[in-house]
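# Per-entry structural report
Chain by chain, the residues:
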Amino acid sequence: SVKAFASIATQVAPGDDENVLTSNGAGAWVSQAKLTQGTVVDATHGGANDWAVLSFTGIPAKAKRITVMFSGVSPGGTSPICIQLGVSSTAETADYYGAVQNAGATSNHTNGFRIRAATGADGEIFHGAVTLTKFSTGNIWVCEGSVSLSSSNNSWWTSGVKTLAGVLDSIFITTVGGSETFDAGNVNIAWE
């Protein structure tokens, strides 16, 4: 059936310009957040000044799910890549719980959500995605995802939880050791 425009308009509160209307399957319209992508970050910064931390700031407070995407990313050394969540554009670097594993190795999260279980070989190239989802209450975020290497025959699965001190507004991609500088690939995020 066709809904009158006035009925549709009442389903969306004023100011919800980033939402889209979809059918709920029961004859009503539902307002849902649309998927918004960030700006792709060149992990190498386009030259000799490689970055040790890739950052995405300005994530809106209403974001409930964030996907971090890796395309051909190399950490520039042997330290595993990790994802850190940020409040007030500052990374929180402790109290990440959970683990990353593949068939042969498992490592607990420490200063971020790891995407590789242990130290690797220099020159590894990562592809994949990790999704961060907010609990319905508080500032608790859970992660789950998988990445694989194009430089060898390996994949890792990661999952975990982090309680933030405030509202998430930023994501940081770095390494567990914090001193490696990325030397290949692109990273982006999408939120809804």
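Reading the values: rules and limits
- Residues numbered from 1 in each chain as written.
- Predicted model: local features only at pLDDT ≥ 70, side-chain atom pairs only at ≥ 80, totals over all residues.
- Heavy atoms only, no water.
- Helix = DSSP H or I, 4+ residues; strand = E, 2+ residues; numbered from the N terminus.
- Buried < 20%, exposed > 50% of the residue type's maximum accessible area, 1.4 Å probe, protein only.
- Contact = heavy atoms within 4.5 Å.
- Areas by Shrake-Rupley, 256 points an atom, 1.4 Å probe, with all protein chains shown as cover.
- Polar contact = N/O pair within 3.5 Å; in protein donor to acceptor, adjacent residues only side chain to side chain.
- Phe/Tyr/Trp six-rings, centres within 6.5 Å; stacked < 30°, edge-to-face > 60°.
- Lys NZ or Arg CZ within 6 Å of the ring centre and 35° of its normal.
- Pairing = 2+ DSSP bridges.

Secondary structure summary: the chain contains one helix and 16 strands in total. The buried share among the 192 residues of the chain stands at 39%. For the chain, the proportion of contacts with a sequence separation of at least 24, taken over those separated by at least 6, is 68%. Of the roughly 9,300 Å² of accessible surface on the chain, a fraction of 52% belongs to carbon and sulfur atoms.

Okay, the side chain of Glu92 next. Assignment of secondary structure puts Glu92 in the loop between β8 (90–91) and β9 (97–101). Note on Glu92: relative accessible area 15%, which makes it buried. One polar contact links Glu92 to Lys162, side chain to side chain, over a distance of 3.1 Å.

Across all of its chains, the model carries two aromatic pairs by this definition. Residues Phe126 and Trp156 carry aromatic rings whose centres are separated by 6.1 Å and whose planes lie at 45 degrees to one another, so their mutual orientation is tilted. Of this pair, Phe126 sits in strand β12 (residues 126–134) while Trp156 sits in strand β14 (residues 155–163), and the two are 30 residues apart along the sequence. Each member of the pair, Phe126 as well as Trp156, carries the same accessibility label: buried. Positioned above the aromatic ring of Tyr96 is the side chain of Lys162, whose terminal nitrogen or guanidinium carbon lies 5.1 Å from the ring centre.

Turning next to the pairing of strand β5 (residues 54–57). Judged by which residues are buried, β5 turns out to be one-sided: Leu54 and Phe56 face inward and are buried, whereas Ser55 and Thr57, on the alternate face, are not. Note that β5 and strand β15 (residues 168–175) share four bridges and pair antiparallel. From the neighbouring strand, Thr57 faces β15, where its bridge partner is Ser170.

Let us now look at the side chain of His109. Looking at where His109 falls in the secondary structure, it is placed in the loop between β10 (106–108) and β11 (113–114). Engagement of the side chain of His109 in a polar contact is seen with the backbone nitrogen of Arg114, the distance being 3.0 Å. In terms of polar contacts, His109 uses its side chain to reach the side chain of Thr158, at 3.3 Å. Beyond its immediate stretch of four places on either side in the chain, His109 contacts Tyr96, Tyr97, Gly98, Ala99, Val100, Arg114, Thr158, Ser159 and Gly160.

Another point: the pairing of β15. Counting buried residues along β15, eight of its eight residues qualify, which places the element largely inside the surrounding structure. Taken together, the seven bridges between strand β7 (residues 81–87) and β15 define a ladder with antiparallel strand orientation. Along β15, the bridge assignment pairs Val87 with Leu168.

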